[in-house]
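# Structural overview
Each chain, letter by letter, is given below.
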Amino acid sequence: MTMWMDDEAGPLVRPYALTRGRTRSASGETLDLIAMVSAVGDPPGGLGPEQLAILRAARSPISVADVAVELDLPVGVVRVLLSDLHDHGLISVTAPNAAGPRPSERLLKEVINGLRAL
Amino acid sequence: MDSELSDDPVALKILIAGGFGVGKTTLVGSISEIKPLRTEEVLSDIGIGVDDLDGVEKKTTTTVAMDFGRITIREGLVVYLFGTPGQERFWFMWDELSHGALGAVVIADTRRLTDCFPSVDYFEQRGTPFVVAVNCFDGASRHSVEDVRIALDLDDDVPVLLCDVRRRASAKEVMVSLVEHSLRTLTAAG
Ligand SMILES: Nc1nc2c(ncn2[C@@H]2O[C@H](COP(=O)(O)OP(=O)(O)O)[C@@H](O)[C@H]2O)c(=O)[nH]1
Ligand SMILES: [Mg+2]
């Protein structure tokens, strides 16, 4: 299996132990990397440390990718944990294109000006 | 199209592509804070080496690091950068990443221009707006933008620019050029 180790791929791991082997949540939803999540209400008892860490990270809206970075867990694992929390009503999710299928001209001009001003 | 309410948070996604060692990580780091984002390659989805596994419940994955950067334009308007691993076997990640992406920067090195062919093909086929940024490594023979355009057989409207990804000003110019190109593409599409 050593052929799977190279510059851009690390050693083999089984991060899905955290999700009890599931690579999908019960609802089968796949969260976009830049969907924003935020914690809703107070966490009930019985959550694992990762779930609690996610809810802490999501006290204010945060992207799915940023949650993975903060918890230092692979994206796929974080997605399953987030979807579980979503299914239990503990986080809210805003899709990146909630405002419409495409960014407006005004918005892109704002991005261009913002980039120039960096 | 002006449908956003001013307080709806908006997240935009830009991909940084190109061959290994061409300057993707450097570009993301020049223009934003850079964080390593781990994603996983599920071996049983790949089709090679699967024979060793005796069932999906034993799904084994290997972690792949991706460059991840964030540029806050203002509160509620954030641009996310994703640097994709250069090799073609990571394309399973590109499909997801390019979904809904504003556009892509393909970094090219004229000393090994063929390395960026797959990225150019990919974004052309997906219809993702992209620019080609020629990273001018020290001492590399400088080809003109026109030479690169011809060698890559690019459509006339695809911007090609010379850059030094280590310099913030140059990295900024590349990003601005991409968003301007995306804007033109969106406007043309109506
Ligand atoms: N001399 C020079 N070195 C560069 C330039 N851009 C990147 N590098 C170096 O080339 C190497 C590969 O760059 P990197 O950003 O890691 O490439 P990646 O594999 O596409 O992410 C690093 O050691 C960089 O410091 C450049 O414009 N000039
Ligand atoms: Mg890199």
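Given the structure is predicted, the values throughout are model-derived calculations rather than measurements.

## Quick word on the site of ligand 1
All names here are of chain B. In the neighbourhood of ligand 1, 15 residues make up the surrounding shell, with Gly21, Gly23, Lys24, Thr25 and Thr26 lying closest. At 2.7 Å from an oxygen atom of ligand 1 is found a side-chain nitrogen or oxygen belonging to Thr25. Note that an oxygen atom of ligand 1 is positioned 3.4 Å from one of the side-chain N or O atoms of Asp164. Protein coverage of the free-state accessible area of ligand 1, which is 570 Å², stands at 68%. Broken down by element, the residue count for the shell around ligand 1 peaks at three residues, all from helix H1 (residues 24–31). Taken together, the residues of the shell around ligand 1 break down into five nonpolar, six polar and four charged.

## Some words on helix H3 (residues 75–87) of chain A
All names here are of chain A. Between its first and last C-alpha, H3 extends 18 Å over 13 residues, near the 18 Å set by a 1.5 Å rise per residue. Of all the 13 residues making up H3, eleven are buried; the element is thus mostly covered by neighbouring parts of the structure. Positive backbone phi, approximately 70°, marks Gly89, located one or two places after H3.

## Let's talk about the environment of His99(B)
Looking at the element boundaries, His99(B) is found in the loop between helix H2 (91–98) and strand S5 (103–108). His99(B) gets classed as exposed once you look at its relative accessible area, which sits at 52%. With 31 residues separating them in the primary sequence, His99(B) and Phe68(B) have C-alpha atoms 16 Å apart. For His99(B), the contacting residues outside a window of four places in its chain are Asp32(A), Lys13(B) and Arg126(B).

## Quick look at unusual backbone geometry
The phi torsion at Asp72(A) lies on the positive side, around 50°, for a residue other than glycine. Locating Asp72(A) in the fold gives a position in the loop between helix H2 (64–71) and H3. Taking the relative accessible area as the measure of exposure, Asp72(A) reaches 49% and is therefore partly exposed. Even without glycine at this site, Asp153(B) takes up a positive phi of about 55°. When you line up the elements, Asp153(B) lands in the loop between helix H4 (145–152) and strand S7 (160–163). What makes Asp153(B) exposed here is its relative accessible area of 61%.

## Description of the packing of H2(A) against H3(A)
Residue and element names in this part refer to chain A. Interaxial distance between H2 and H3 falls to 9 Å at its minimum, and their mutual angle equals 110°. With respect to H3, the element H2 is oriented roughly perpendicular. H2 and H3 meet at a crossing whose hand is right-handed. Contacts between H2 and H3 involve Val64, Val67 and Ala68 on the former and, on the latter, Val75, Val78, Arg79 and Leu82. Grouping the constituent residues of the contact of H2 with H3 by class yields six nonpolar, no polar and one charged.

## Quick look at the pattern of salt bridges
Scanning all chains against the criterion turns up 14 salt bridges over all chains. In this structure, the salt-bridge partner of Arg74(B) is Glu110(A), at a minimum N-O distance of 2.3 Å. In this pair, Arg74(B) sits in strand S3 (residues 61–74) while Glu110(A) sits in helix H4 (residues 105–116), so the two residues belong to two different chains. For the salt bridge of Arg111(B) with Asp109(B), the shortest nitrogen-to-oxygen distance reads 2.9 Å. Taking the relative accessible area as the measure of exposure, Arg111(B) reaches 48% and is therefore partly exposed. Residue classification places Asp109(B) among the buried positions, given a relative accessible area of 1%. Here the residues in one salt-bridge network are Asp109(B), Arg111(B), Arg112(B) and Asp115(B), joined through shared partners.

## Quick word on the packing of aromatic side chains
Residue and element names in this part refer to chain B. Counted by the stated rule, this structure contains six aromatic pairs over all chains. An angle of 85° between the planes, with centres 5.1 Å apart, marks the rings of Trp94 and Tyr122 as edge-to-face. In this pair, Trp94 is assigned in helix H2 and Tyr122 in helix H3 (residues 117–126), connecting sequence segments 28 residues apart. In this structure an aromatic cluster arises from ring pairing among Trp94, Tyr122, Phe123 and Phe130. Stacked on the ring of Phe137, the Lys or Arg Arg111 has its end atom at 4.7 Å from the ring centre.

## Overview of the side chain of Asp66(A)
Relative to the helices and strands, Asp66(A) is located in helix H2. Here Arg70(B) takes part through its side chain, which lies 3.0 Å from a polar atom of the side chain of Asp66(A). Residues in contact with Asp66(A), not counting those within four places in the same chain, are Lys35(B), Phe68(B), Arg70(B) and Tyr80(B).

Calculation criteria
Residue positions within a chain follow its written sequence, with the count starting from 1. Whichever chain is written first becomes A and whichever ligand is written first becomes 1, with later ones labelled in order. Local features in this predicted model are restricted to residues of pLDDT 70 or higher, and side-chain atom pairs are both shown and tallied only at a pLDDT of 80 or more, whereas totals for entire chains, interfaces and linings draw on every residue. Side-chain measures here rest on the full set of heavy atoms in the structure, leaving out hydrogens and waters. One heavy atom suffices: a residue is near a molecule or strand as soon as one of its heavy atoms comes within 4 Å of it. Here a polar contact is taken to be a pair of N or O atoms separated by no more than 3.5 Å, where protein atoms must pair a possible hydrogen donor with a possible acceptor and residues adjacent in sequence count only if both atoms sit in side chains. Residue-level accessible areas treat just the shown protein chains as cover; the underlying method is Shrake-Rupley with a 1.4 Å probe. Labels follow the DSSP assignment, with helices taken as runs of H or I lasting at least four residues and strands as runs of E lasting at least two, numbered in each case from the N terminus. Ten residues, namely Ala, Val, Leu, Ile, Met, Phe, Trp, Tyr, Cys and Pro, are considered nonpolar, four, namely Asp, Glu, Lys and Arg, are considered charged, and the remaining ones, Gly among them, are considered polar. Given the number of residues in a helix, its expected span is that number minus one, multiplied by 1.5 Å. Relative accessibility decides the category of a residue: with a 1.4 Å probe and only protein chains considered, values under 20% of the type maximum give buried, values over 50% give exposed, and everything between is partly exposed. It only takes one pair of heavy atoms within 4.5 Å for two residues to be counted as in contact. Note on definitions: angles span 0 to 180 degrees between N-to-C directions of axes, and those axes are lines fitted to C-alpha atoms, for helices only across the stretch in contact. In what follows, roughly perpendicular refers to angles from 65 to 115 degrees, roughly parallel to angles under 35, roughly antiparallel to angles over 145, and oblique to any angle outside these ranges. With the far helix as reference, a near helix turned anticlockwise by less than a right angle produces a left-handed crossing, and one turned clockwise produces a right-handed crossing. For salt bridges, the criterion is a side-chain nitrogen of Lys or Arg within 4 Å of an Asp or Glu carboxyl oxygen. What counts as a ring pair is set by centres within 6.5 Å for rings of Phe, Tyr and Trp (its six-membered ring), and what kind of pair is set by the plane angle: stacked under 30 degrees, edge-to-face over 60, tilted for all other angles. In this scheme, the term charge over a ring applies when either NZ of a lysine or CZ of an arginine sits within 6 Å of the ring centre and within 35 degrees of the ring normal.

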